[in-house]
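The lines below spell out each chain.
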Amino acid sequence: MDDIDHKKLGRELDLFTFSDVVGKGLPLWTPKGAAIRREIERWVVDEEIKDGYQHVYTPDIASLKLYEKSGHYPYYKDSMYAPIQIEDEQFMLRPMSCPHHFELYLSRPHSWRELPLRIAELAKLYRFEKSGELMGLERVRSFCLADAHIICRPDQAESEIDRVLNLIERMAGVLGLNSGADYWYRLSLGDRQDSKKYFKDDAAWDKAEGLLRSVLQNRESKFVEAANEAAFYGPKIDIQMKNANGKEDTAFTVQYDFVMPGRFALTYINEKGENEQAIVIHRSSIGAIERLVAFLIEKYGGAFPTWLAPVQTLILPISDKHLEYAQSVADQLREQHIRVELNAKNEPLNARIRDAELEKVPYILVVGDKEAESAAVAVRRRHVKETQVQSTTTFISRLREEIATRSNN
Ligand SMILES: [Zn+2]
């Protein structure tokens, strides 16, 4: 299993690193790793906005009072970092963004017509993990969750959850992952007898669990039910996956919450002009970026599809004579937002091709006299032996198309 370890590949491909002085479990993204992350983040934000989400920014820390209001403190105290004293106030590094989004919702009154409000954020979160449990990008102390809170009327909850699952399946599909095969759903239920672990409201639990079950049944999704796995504030649908070592794990969740709306007084003005309590759906679309990247490094063995590849094209001039032309090709590619590198080291061409292959670059472009004379490039596609000469403009437009469609081959 050593060959598909994301920690080893991440080091070899120079994607991320850790520093003892920065601290354990706090990843440093290199320019190459950052390129992958940036592509994923742009994709998530664009897809979610297209799906009716409103993306926001809220701070990484908050007053302790906010987490006392939400009940996370002291309830989740063990997975949070100790408070930070600033002047007379105490602050926390946030372990979740829900209360920030609720306060944003409360900044003005809302009519029933505005709902559902889908508030999304690429939220940087901090959770306490014991040093012995840290593992590469998979288990970290700071991470970025593709998070959202859908605030809706009770009659909208079912269709909103269905819509969330559509989004998850669409996005997983882009990554080449299929529902039922690469990931599957788990309906996580509460326990009416355990009022310590679960908020006491039997009728609300019955209703919420029935609603999630009916969403899954109506979609004809394959799912398993798990007793005693719900959140404190309601049942959830977990997206379950196997990691590279074959171990089952919850990648992220969709949660139905009937408790926080009461605690934060998340209300809207209904058709009759009265205040009515909303429902909250907590959801992620792809989970934590760190975890996803760890997973993708292992899934692709470092040979990323072109849209995600840190270096999409590598240009190799045959000799110094061709350096000027090679640079002009690099400029044309860069102008079209294509990630390009040029290797003009004083080494034989074959050695430089071998290096590029080890780096798993999708396209190697060799340029010599013939190419320079005809404004062309000799293209070597990753894993393909033959070289194909194409005009530079044709190559660029094909590549742009491949990147724009996030093609998986
Ligand atoms: Zn939340």
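Everything numeric in this text was worked out from a predicted model, so none of it was measured.

**Student:** How would you summarise the coordination of the zinc ion if you had to cite specific residues and measurements?
**Tutor:** For the zinc ion, the protein coordination sphere consists of C98 (SG), H149 (NE2) and H282 (ND1), at 2.1 to 2.3 Å. The sequence pattern describing where the donors of the zinc ion fall on their chain is C-x50-H-x132-H. Here the residue C98 occupies a position in helix α5 (residues 98-105), and H149 occupies one in strand β8 (residues 142-152), the gap between them amounting to 51 residues. Its relative accessible area of 5% is what places C98 among the buried residues.

**Student:** Describe in detail the sheet that holds strand β18 (residues 363-367), supporting the description with residues and values.
**Tutor:** What the 5 strands build is an open sheet, ordered β17-β16-β18-β19-β20; its pairing is mixed. With partners counted over all chains shown, the strands left at the sheet margins are β17 (340-342) and β20 (387-391), one partner each. On average, each strand axis in the sheet is tilted by 30° relative to the strand beside it, whichever way the strands run. Direction of pairing for strand β16 (residues 313-317) relative to β17: parallel, over a ladder of 3 bridges. Within β17, the residue paired with L314 across the bridge is E341.

**Student:** So what's going on with the sheet that holds strand β12 (residues 248-257)? Which residues, and what values?
**Tutor:** The strand order across the open sheet formed by 8 strands is β3-β7-β8-β15-β12-β11-β9-β10, and the pairing between neighbours is mixed. Across the chains shown, the open sheet's two edge strands, defined by having one partner strand only, are β3 (54-55) and β10 (223-226). In terms of strand pairing, strand β9 (residues 183-188) meets β10 through 4 bridges, oriented parallel. Within β10, the residue paired with R186 across the bridge is V224. Contacting β3, β7 (117-126), β8 and β15 (279-288), helix α2 (residues 31-50) crosses the sheet at an angle of about 145° to β15. Docked against the sheet, helix α9 (residues 289-300) engages β7, β8, β11 (236-242), β12 and β15, running at close to 35° with respect to β15.

**Student:** Residue-level account of unusual backbone geometry, with values.
**Tutor:** With an omega of 0°, the peptide bond running from L115 to P116 counts as cis. Mapped onto the fold, P116 is located in the loop between α5 and β7. The phi torsion at E87 lies on the positive side, around 50°, for a residue other than glycine. Within the secondary structure layout, E87 lies in the loop between β5 (84-86) and β6 (89-93). The backbone of N228 sits at a positive phi, close to 60°, despite the residue not being glycine. Residue placement: N228 occurs in the loop between β10 and β11.

**Student:** Tell me about the domain arrangement of the chain, and name the residues and values.
**Tutor:** According to the domain assignment, the chain consists of domain 1 (2-58 + 97-300) and domain 2 (313-404). For domain 1 versus domain 2, the separation of C-alpha centres amounts to 40 Å. On the domain 2 side, the residues contacting the 4 residues of domain 1 number 5 residues. Each partner contributes to the roughly 380 Å² buried at the junction of domain 1 and domain 2, and carbon and sulfur atoms together form 53% of this total.

**Student:** Which residues make up the side chain of S70, and what are the values?
**Tutor:** Topologically, S70 is positioned in helix α3 (residues 64-70). Here the side chain of S70 touches Y67 through a polar contact of 3.2 Å, landing on its backbone oxygen. A polar side-chain atom of S70 sits 2.7 Å from a polar atom in the side chain of H72. Excluding its chain neighbours within four sequence positions, the residues that come into contact with S70 are P99, M260, R263 and F264.

**Student:** An account of helix α10 (residues 323-335) is requested, with residue identities and associated values reported.
**Tutor:** For an α-helix, the turn length of 3.6 residues means that residues three or four places apart are oriented alike. The first and last C-alpha atoms of α10 sit 18 Å apart over 13 residues, in line with the 18 Å expected at 1.5 Å per residue. Buried positions along α10 lie against β16, β17, β18, α12 (369-373), β19 (376-381) and α13 (392-404). Backbone geometry just after α10 places H337 at a positive phi near 65°.

What counts, and where the lines are drawn
- Starting from 1, residues in each chain are numbered consecutively following that chain's sequence as written.
- The model is predicted, so local features are restricted to residues of pLDDT at least 70 and side-chain atom pairs to those at 80 or more, both for listing and for counting; the totals for chains, interfaces and linings are taken over all residues.
- As a rule here, side-chain values cover all heavy atoms of the structure and leave hydrogens and water aside.
- In this listing, donors mean N, O and S atoms no farther than 2.8 Å from the metal, or 3.2 Å for Na, K and Ca; water is missing from the atoms, so a site can look incomplete.
- Secondary structure is summarised from DSSP: a helix means a run of H or I of at least four residues, a strand means a run of E of at least two, and numbering begins at the N terminus for each.
- When a residue's accessible area, from a 1.4 Å probe over protein chains only, is under 20% of the maximum for its type it is buried; when over 50% it is exposed; and in between it is partly exposed.
- At least two bridges found by DSSP between two strands is the condition for calling them paired.
- Working convention: axes come from line fits to C-alpha atoms, limited for helices to the stretch in contact. Angles between N-to-C directions cover 0 to 180 degrees.
- In what follows, a contact means two residues having at least one pair of non-hydrogen atoms within 4.5 Å.
- Throughout, the edges of the domains are those of an automatic or database domain assignment.
- Two parts lose some accessible area (1.4 Å probe) when they are put together, and adding that loss for both gives the buried area.
- We define a polar contact as two N or O atoms separated by no more than 3.5 Å, with the added condition that, inside protein, one atom must be a possible hydrogen donor and the other a possible acceptor, whereas residues neighbouring each other in sequence contribute only through side-chain atom pairs.
- The span one expects for a helix is its residue count, reduced by one, times 1.5 Å.

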